[in-house]
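# Coordinates in review
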Amino acid sequence: MEKLSDVFIIKEKAPYLLKFKHPWIYSRTLSGIDGNPQNGDLVSVRGGDKELLGYGFFSSDSQIKVRMVEFTSRLPEDGWLYQSIKKAAEFRESLNLDTNACRLVNSEGDYLPGLTADKYNKTIVIRPLIKGIERRMDEITAAFSELYPEASLFIKRDEYTARKEDIQIKNGYVKGEGDGSEIIEENGLKFRIDMAAGQKTGFYLDQRDNRSLVPTFSKGKVVLNLFSYTAAFSVYAAKGGAAHIVSVDSSQGALALAEENVKLNESLDEKQFEFTSCDAFDLLKNCKPADLIILDPPPFARKKQEVSGAVKGYKFINAKALEKLNSNGILFTFSCSQAVSRLDFKNLLTEVCSKSGRSVRFIRELSAPYDHPFSPFHPEGEYLKGWIMHVL
């Protein structure tokens, strides 16, 4: 292992860092730097009296100067990255999930900040979110190739973080070839994944367990699936015997893939489905009542400065959804904004219920599945939160 530059924590703050072990170290926490670390370098993090606290990836232009890999009194050994990926993959293999698609690496949740990797059938999609991961892509792809020798490897940029982190790597296959898509099976249902042009890595694997609950509430019901993307929730509703399902998304491309997903599942009746391309906020103002409404919007807040606007957005769509639900109706509602905490989300839903004039009950709290672990010291990793609600 090469010699690492040292990043020093303000002496008074070092005890708090060791106690709470939050993996993001902000510039205001640093007292100095010994060496000339470049963007993406691995650096050692030391307290005011130079004791080693751990190591992490350095980001030269970010307010988050270091993303910690590990809090430890020892420097990393050669091969640490491979071993971390192997441990993450072995955990997923132990879960015995009813699918050929899962998250293999979940960033800070697997002590690999800035790296997510999703396995879709025979393709692994790797998503570098910081420079430190991009610079080690050869080592990362070699690890996945050894662990999954039959799999193709596909790189998928996140444009928002790529601009912030100066990530230059392009989308595309780095091993194997294909058209940028895959077909997966999940709980007996089939879905086409557009890795090349789809959102995130192509599919919302984090909603797998929540999708599986939808058939319980769907039989004979009119379902409205807002922000439907490729209509995975809608397919599950049809599996549960829904009478009619309206899928709404602003993307024509997503809805085209949604229609293909319906056709992939030959047991479903295409007449059950209706696809509408429009803004979900606008549609909620004038849509017909429904028995089951699903709200799974994109993140309204990526950072704390955006939380106020996000809360207003969540209040609006949930208030309208409660207004449009028939008696004995069910609402599946979610937030994937990491800056909006689980408590914040429940509190705003409680306020919406209070103002709705209707009798509403919380039935079940929802979250991401087992293959999306998060660190107890990194609450931002618990980004997906949701509730099933019942309107009397």
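## Focus on the pairing of strand β15 (residues 244-249)
The buried fraction of β15 is high, at five of six residues. Looking at chain direction, strand β14 (residues 222-226) and β15 are connected through five bridges and run parallel. Bridging across to β15, Asn225 finds its partner in Ser247. A crossover links β14 with its parallel partner β15, the connecting element being helix α7 (residues 232-239), and its sense is right-handed. Note that β15 and strand β16 (residues 273-277) share five bridges and pair parallel. Across the sheet, residue Asp249 finds its bridge partner in β16, namely Ser277.

## Notes on a positive patch on the surface
Together, Arg163, Lys164, Lys200, Arg302 and Lys303 make up a positively charged patch on the protein surface. Along the chain, Arg302 turns up in the loop between β17 (290-295) and α10 (307-324). Overall, the relative accessible area of 42% leaves Arg302 in the partly exposed class.

## Re the environment of Ser5
On the secondary structure map, Ser5 appears in strand β1 (residues 5-9). For Ser5, a relative accessible area of 16% gives the class buried. On a C-alpha basis, the gap between Ser5 and Val43 in space is 5.1 Å, while along the polypeptide they are 38 residues apart. In contact with Ser5, not counting residues within four places along its chain, are Asp34, Gly35, Asn36, Pro37, Val43 and Ser44.

## With respect to the state of the cysteines
With the rule as written, the count across this model stands at zero disulfides. Considering cysteine sulfurs only, Cys287 is the nearest to Cys278, which forms no disulfide, with 9.3 Å between them.

## Here's the deal with the sheet that holds strand β18 (residues 325-335)
Taken in spatial order, the seven strands of this open sheet run β16-β15-β14-β17-β18-β20-β19, and their pairing is mixed. The open sheet is flanked by β16 and β19 (360-366), the only strands paired with a single partner. Strand-to-strand twist across the sheet, computed as the mean angle between neighbouring axes with direction ignored, equals 15 degrees. As paired elements, β19 and strand β20 (residues 385-391) share six bridges and run antiparallel to each other. Paired with Leu366 across the strands is Gly386, a residue of β20. Packing against the sheet, α7 makes contact with β14, β15, β16, β17 and β18, and its axis sits at approximately 175 degrees to β15.

Calculation notes
Residues numbered from 1 in each chain as written. Predicted model: local features only at pLDDT ≥ 70, side-chain atom pairs only at ≥ 80, totals over all residues. Heavy atoms only, no water. Buried < 20%, exposed > 50% of the residue type's maximum accessible area, 1.4 Å probe, protein only. Helix = DSSP H or I, 4+ residues; strand = E, 2+ residues; numbered from the N terminus. Pairing = 2+ DSSP bridges. Right-handed = clockwise from strand over helix to strand, strands pointing away. Patch = residues over 30% accessible without salt bridge, like charges linked within 9 Å, V, L, I, M, F, W, Y side chains within 5 Å. Areas by Shrake-Rupley, 256 points an atom, 1.4 Å probe, with all protein chains shown as cover. Salt bridge = Lys/Arg side-chain N within 4 Å of Asp/Glu carboxyl O. Lys, Arg positive; Asp, Glu negative; His and termini not counted. Charge placed at Lys NZ, Arg CZ, Asp CG, Glu CD. Contact = heavy atoms within 4.5 Å. Disulfide = S-S within 2.5 Å. Axes fitted to C-alpha atoms, helices over the stretch in contact; angles between N-to-C directions.

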